[in-house]
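The primary structure of each chain is shown beneath.
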Amino acid sequence: MARRKRTGRGFGTAGPGEKALRYVLLVVVLVLTVGPFVWQLSTSLKGLGEDIYTRTPSFIPADPTLANYGSVADTIPVWSYGRNSLIVAAIVVFGNAVGATFAGYALAKLRFRGRRLALGLFLATLILPGEVTIISQYVTVRGLGLADTLLGVALPGAIGMLNVLLMRTAFLSIPAELDSAALIDGANAWQRLVHIGLPNVRGMLSVVVIFSFIGAWDDFLWPLIVLNDPENYTLTVGLQYLNGTFSANPRLIAAGTMIAFIPIVIVFAVLQRFFFKGVEEGAIKG
Amino acid sequence: MTHQRWFTPWLLVAPAAVWLVVFSLWPSLNTVVLAFTNAKPLGGGRFTGTENFARIADDAQLGDALLNSVIYMVVCVPLLTLLPLLLAVLVQRKLPGISFFRTAFYTPVIASAVVVALIWGWVLEERGLVNGFAQELGVLSGPLPFLTDRWLLLLSAISLTVWKGLGYYMIIYLSALGNVSRELHEAAFMDGAGPVRRFFAVTVPGVRNTMALVTVLISVSALRVFSELYVLSDGTGGPGGQDMSVVMLIQMYSRGFTGHLGYASALSLLLFAVTVGPMLLLLRFNRKAAA
């Protein structure tokens, strides 16, 4: 962060007029960004008796009810879709937390033959948008006998190359003196990773965990390609499937979207301070 | 490194290396191979030479998809380069409650594109919020077909992408704004420069590199668009399938009896060809930022 010098000459201290203007603008943007979610939440709580098409929209349901959340589960197995999404996200988070940490540590802190080559290959994959290889990815997963399975959905993203590089960057910023001190004390690579490495990369690790979870939970294209049987759908695919059915009622779709949306909001709300701390420390460079 | 067995580093790298080979390097090579075959989702796989590429040349739907991509880029790049910067300036000042606003503005980013597109579909549908409200206010005399007209559907998807991207690029700018010299701002202030003047004379030059980075990021993601168009059009790609993107075509050919993995792979190579330039630029920016 930049130095916080108070000049006492008016710069850097907002006057009441400027403050008021800023809050007005903040609220306008808030309405634009969060308004649609509130509208959807409100629709999901409106009973069958309430007209949801009215021209003067009412954001407060006249007679709030959770009935739509029950009905959506009668139309599609929304809870088991949620469980499927959770299974996929759990595999992806675990794989990235472990796999990317191990590889990132070795690439940053250990010397071995072929390190430069490995690093070059990890970097090279970054120029490849995931969509380019998605077809042959599918062929590979099908070859492994994992087409139409949750494992097939989770596996390719279980160690992200970008995450390996992010963890490497984090480990690189640990001063070498710490490592050599531990070396003199006779610590092996594993002990140094656990006792010196990990405590110093917690910020980046939480960024990797947050985004692995969000990425897996939100993903649509890949599960849409891999999964066939409606039993196996994840939430995103299941919701699109619901949207396409004739019986689709906006209240039910609204309830379904909230079931997919609320968990991610909770996860982010709980972990957001790590994320914004990472931003201020310059962890996120795009 | 006396306390290190020679294989320790390899044990640590091994899982990621396996993933690199199986899910990245091999699929890249295999995409090239598949592009010269007639592989189907349900079998097949004879070499057919350059047949798939000949088909690319006279695929009218692909022509539409590429046109859509160009329009996507032309609209998204200026909007998403400028608006998030203004937002970042707005949330930079540490006012009481500012972290609430930052988090709230980021919400559309963490929501799934499917969730967001379903919400927008409901807002934009014929009897939805926007049409109803606009008619109530007398702006429209009848509902606009936001989701069923070839151009309006594209426009709706673009606005959705812009709306969902605001928070993402806001955070990137926010990170960059921390490095803009406070002294320069102060000096400009002392010289009597107003906020608008300071924005263009100090802020914009200070984040010039980030703006370039953001421009490239937006261009690449405009070429990769999928979920917005898919969900808003209910998987149909709009009237006559004219509102498809290249990725939507790839997905379409990946499945079912009409699927053609060979042709989908050829389309993937085309997608790679149009994104590789911007992606290489990105890599250069990142290396500069890391240095």
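The structure displayed is predicted, hence computed values, not measured ones.

Basis of the calculations
- Residues numbered from 1 in each chain as written.
- Chains lettered and ligands numbered in written order.
- Predicted model: local features only at pLDDT ≥ 70, side-chain atom pairs only at ≥ 80, totals over all residues.
- Helix = DSSP H or I, 4+ residues; strand = E, 2+ residues; numbered from the N terminus.
- Rg over C-alpha atoms; globule rule 2.2 N^0.38 Å.
- Buried ≥ 20, exposed ≤ 12 C-beta atoms within 10 Å, placed from the backbone.
- Contact = placed C-beta atoms within 7 Å.
- Domains from an automatic or database assignment.
- Nonpolar A, V, L, I, M, F, W, Y, C, P; charged D, E, K, R; others polar.
- pLDDT = per-residue confidence, 0-100.
- Axes fitted to C-alpha atoms, helices over the stretch in contact; angles between N-to-C directions.
- Parallel < 35°, antiparallel > 145°, perpendicular 65-115°, else oblique.
- Left-handed = near helix turned anticlockwise from the far one by under 90°.

### Points about the overall build of chain A
Logical step 1: When you go through chain A residue by residue, the secondary structure sums to 13 helices and zero strands.
Logical step 2: Mapped in sequence order, the helices and strands of chain A form the string α-α-α-α-α-α-α-α-α-α-α-α-α.
Logical step 3: For a compact globule of 286 residues, the expected C-alpha radius of gyration is about 19 Å, and chain A comes in at 24 Å, more than 25% above that figure.
Logical step 4: Each principal axis of the C-alpha distribution contributes one length, and for chain A these read about 75 × 70 × 30 Å.
Logical step 5: Going through the 286 residues of chain A one by one, you find that 41% of them count as buried.
Logical step 6: For chain A, restricting intrachain contacts to residue pairs at least 6 apart in sequence, the fraction spanning at least 24 positions comes to 74%.

### Describing the domain arrangement of chain A
Residue and element names in this part refer to chain A.
Logical step 1: One can read the domain layout of chain A as domain 1 (16-65) and domain 2 (71-280).
Logical step 2: Computed over C-alpha atoms, the centres of domain 1 and domain 2 are 33 Å apart.
Logical step 3: Split by residue class, the side of domain 1 that touches domain 2 holds three nonpolar, three polar and one charged.

### Section: unusual backbone geometry
Logical step 1: Positive phi, normally seen in glycine, also occurs at A:D148, with a value near 65°.
Logical step 2: Relative to the helices and strands, A:D148 resides in the loop between α5 (134-143) and α6 (150-154).
Logical step 3: One non-glycine residue, B:D234, lies in the positive phi region at around 60°.
Logical step 4: Along the chain, B:D234 turns up in the loop between α11 (227-232) and α12 (246-252).

### Structural notes on the interface of chain A and chain B
Logical step 1: Opposite the 90 residues of chain A that make contact, chain B presents 87 residues.
Logical step 2: Residue composition of the side of chain A that touches chain B, by class: 59 nonpolar, 22 polar and nine charged.

### Here we look at the confidence of the model for chain A
Residues and elements named next belong to chain A.
Logical step 1: Chain-level pLDDT for chain A is 88 on average; 91% of the residues reach the 70-or-more range.
Logical step 2: By mean pLDDT, helix α8 (residues 176-184) is the weakest element of chain A at 85, and α6 is the strongest at 97.
Logical step 3: Confidence over residues 1-9 falls short of pLDDT 50; this stretch has eight contacts with residues more than four positions distant or in other chains.

### Side note on the packing of helix α4 (residues 98-110) of chain B against helix α7 (residues 150-177) of chain B
Angle between the axes and distance between the axes are the two parameters that describe a pair of packed helices.
Residues and elements named next belong to chain B.
Logical step 1: Where α4 contacts α7, the two axes come as close as 7 Å, and the packing angle between them is 120°. When the axes of α4 and α7 are compared, the pair comes out oblique. Once α4 is placed against α7, the crossing between them reads as left-handed. Across the interface between the two elements, F105, Y106, P108 and V109 from α4 touch W163, K164, L166, G167, Y168, M170 and I171 from α7.
Logical step 2: Here the residues of the contact of α4 with α7 sort into nine nonpolar, one polar and one charged.

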